[in-house]
Structure formats: C-alpha cells, structure tokens
Amino acid sequence: MLNGPGKPGPDWQTHLHHNQVSNQVNAPSLQAAGIGIFLWLAPGCQIDHNDCNDDGQFGIYLASSPRCIADSNSADGNGDTGIFLDSWGSPDCTLANNQANGNGGYGIVVGSSSNCALHNNQASHNHFDGIMLVGSSGCAVDNNATNDNGSDGIRVDYTCGSTFKNNAAEGNGEFDLGAPALADPACNTYLNNRAGTA
C-alpha cells in the first residue's frame, strides 16, 4: 500500500508512477487497509501507469487532494471501488485513460469534487455503477465506456452544471445514463452519448 498525506506547501507535489500495488488485504485496525494507493492532502498529485488491482477495498483513493491527475492506471477487480475521490472533496482533478472494471462496488466515484474532468476511462462490468458523480458540479465527462454494469452506466446525484458528451453506456442493469430524483437531468448537459436507456 502506498499511502499518507502529502507534504504541506503549494509547490510540493506527489508523483506516483509505474507501481504495482495489488492484493492489499482488509485489516480493520489500519485506516487505509485494503487500498492500493491512498493519498490525503496531496494537492497537484500525479498518479499514472500504476496497477492497483484486486485490492480488498479500493484501487486508488484520493481525499482532500485538489488538482490531481490520475492517468493510465488500472484499478480492476477491487472489493469496493476502482477509483474513488471521496466526499471530503478533491476538486479540479482529471481522471483520464484509466481502467476500472469488474469491481465489487463501483468503477469510478467522484464525491463532492467540482470541476473535475473524466476522459477516455473504461468503467464496465462493475457490481453497481460504472461512473457515479455525487455533489460534483461543473464536471466534464466525455468519451468514457461504461457498459454492462449491474446498476447504472453513469449515475448522477446532487450534481448540476456538468456536461456528459460522447460516452458509451449500454447494457447496464438499471439505467445507462441515470439521473434519479436526487438530480434534475435538465440542469446537466447530455450530448451525443450512446445509451439504450436514459
């Protein structure tokens, strides 16, 4: 497990690349047990080309880490979620070219993290949703593949002002593009998505 807070200061950055951190086991006595990569208070971090597969809980977990970039990582087959930006908020992050498939919960979750960009990710065959945005307004979600998930391909809760463009979301168990009562679909923009149900 690679974990811990980033060093304080606006000019310090964490860069994790080309690591293999798989098969991390749950251990309730440890704060970040069962997580491949866990970063807290690490603004401007860069996480790329890491294999975070088959971990007990999460592949990659970011907490209170704005302006981070996670690019070209594999986060498949984890017990809960492949890539998780938690509800403490990690705004202005970019998630691009990642794989988050076959996880026991969700592929990618963006919680309370506004103005994030999700481009060219694959989040398919997860137990619940492929991509889930919760309280994360002003995001750009485009060119992602979220197929054959147990619940929704892309789910949107408590989120407005976001744009969903050119995504493929087909064959999901509930909705391909799901915006339940917790989010007014009219307050987001949907363009050129390939979806069977919306």
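See the structure shown above.
About the cut-offs
Residues numbered from 1 in each chain as written. Predicted model: local features only at pLDDT ≥ 70, side-chain atom pairs only at ≥ 80, totals over all residues. Heavy atoms only, no water. Core = buried A, V, L, I, M, F, W, Y, C linked by side-chain atoms within 4.5 Å. Buried < 20%, exposed > 50% of the residue type's maximum accessible area, 1.4 Å probe, protein only. Helix = DSSP H or I, 4+ residues; strand = E, 2+ residues; numbered from the N terminus. Contact = heavy atoms within 4.5 Å. Disulfide = S-S within 2.5 Å. Phe/Tyr/Trp six-rings, centres within 6.5 Å; stacked < 30°, edge-to-face > 60°. Pairing = 2+ DSSP bridges. Axes fitted to C-alpha atoms, helices over the stretch in contact; angles between N-to-C directions.

Draft legend 1. Summary view of the nonpolar core. Counting residues in hydrophobic clusters, the biggest one holds 31 residues, and the most contacted among them are Leu 39, Ile 47, Leu 85, Leu 95, Ile 108, Val 110 and Leu 118. Of all the elements in the fold, those that place two or more residues in this core are strand E3 (35-40), strand E5 (58-63), strand E7 (81-85), strand E9 (106-111), strand E11 (131-134) and strand E13 (154-157). When near neighbours in sequence (up to four residues on either side) are disregarded, Val 110 contacts Leu 85, Leu 95, Cys 116, Leu 118, Met 132, Leu 133, Val 134 and Ser 136. The next biggest cluster of nonpolar side chains, apart from the first, holds eight residues, and it includes Ile 35, Tyr 61, Ala 63 and Met 132.

Draft legend 2. Fine view of the environment of Ile 69. Counting through the fold element by element, Ile 69 comes out in strand E6 (residues 69-71). Here Ile 69 falls in the partly exposed class, since its relative accessible area comes to 39%. With 21 residues separating them in the primary sequence, Ile 69 and Asp 48 have C-alpha atoms 7.8 Å apart. Aside from chain neighbours lying at most four places away, what touches Ile 69 is Cys 45, Gln 46, Ile 47 and Thr 94.

Draft legend 3. Focus on unusual backbone geometry. Its identity as a non-glycine residue notwithstanding, Asn 120 has a phi of 55 degrees, on the positive side. Look at Asn 120 and you get partly exposed, because its relative accessible area is 43%. Look at Asn 192: it is not a glycine, yet its phi comes out positive at around 55 degrees. Its location among the elements puts Asn 192 in the loop between strand E17 (189-191) and strand E18 (194-195). Classification of Asn 192 as exposed rests on a relative accessible area of 63%.

Draft legend 4. How the structure looks around the state of the cysteines. Tallied over the entire structure, the rule returns two disulfides. Here Cys 45 engages in a disulfide with Cys 68; their sulfurs sit 2.2 Å apart. Judged by the sign of its S-S torsion, about 125 degrees, the bond between Cys 45 and Cys 68 is right-handed. Residue Cys 45 is found in the loop between E3 and strand E4 (46-48), and its partner Cys 68 is found in the loop between E5 and E6; the two are separated by 23 residues along the sequence. For the residue pair Cys 45 and Cys 68, the accessibility class agrees, reading buried in each case.

Draft legend 5. The packing of aromatic side chains, seen in detail. Evaluation of the coordinates by the stated rule reveals six aromatic pairs. Ring geometry for Phe 58 against Tyr 61: centres 5.0 Å apart, planes inclined by 80 degrees, an arrangement best described as edge-to-face. Classification of Phe 58 as buried rests on a relative accessible area of 9%. Where Tyr 106 meets Phe 128, the ring centres are 5.4 Å apart and the plane angle is 35 degrees; that geometry is what we call tilted. Taken together, the residues Tyr 106 in strand E9 and Phe 128 in the loop between strand E10 (117-119) and E11 connect sequence positions 22 residues apart. Judged by relative accessible area, Tyr 106 falls into the partly exposed class, the value being 23%. You can call Phe 128 partly exposed: its relative accessible area is 35%.

Draft legend 6. Fine view of the environment of Gly 82. Locating Gly 82 in the fold gives a position in strand E7. Separated by 48 residues in sequence, Gly 82 and Gly 130 have C-alpha atoms that sit 9.6 Å apart. Those residues in contact with Gly 82, other than ones at most four positions away along the chain, are Phe 58, Gly 59, Ile 60, Ala 75, Ala 100, Asn 103, Tyr 106 and Gly 107.

Draft legend 7. Looking closely at the sheet that holds E10. Pairing within the open sheet is parallel, and its eight strands lie in the order E2-E4-E6-E8-E10-E12-E14-E17. Looking along the sheet, the strands with just one partner apiece sit at the ends: strand E2 (15-17) and E17. Ignoring which end each strand starts from, the neighbouring axes of this sheet average 5 degrees apart. Note: E4 against E6, three bridges, orientation parallel. Its bridge partner being in E6, Asp 48 is matched across the sheet by Asp 71.

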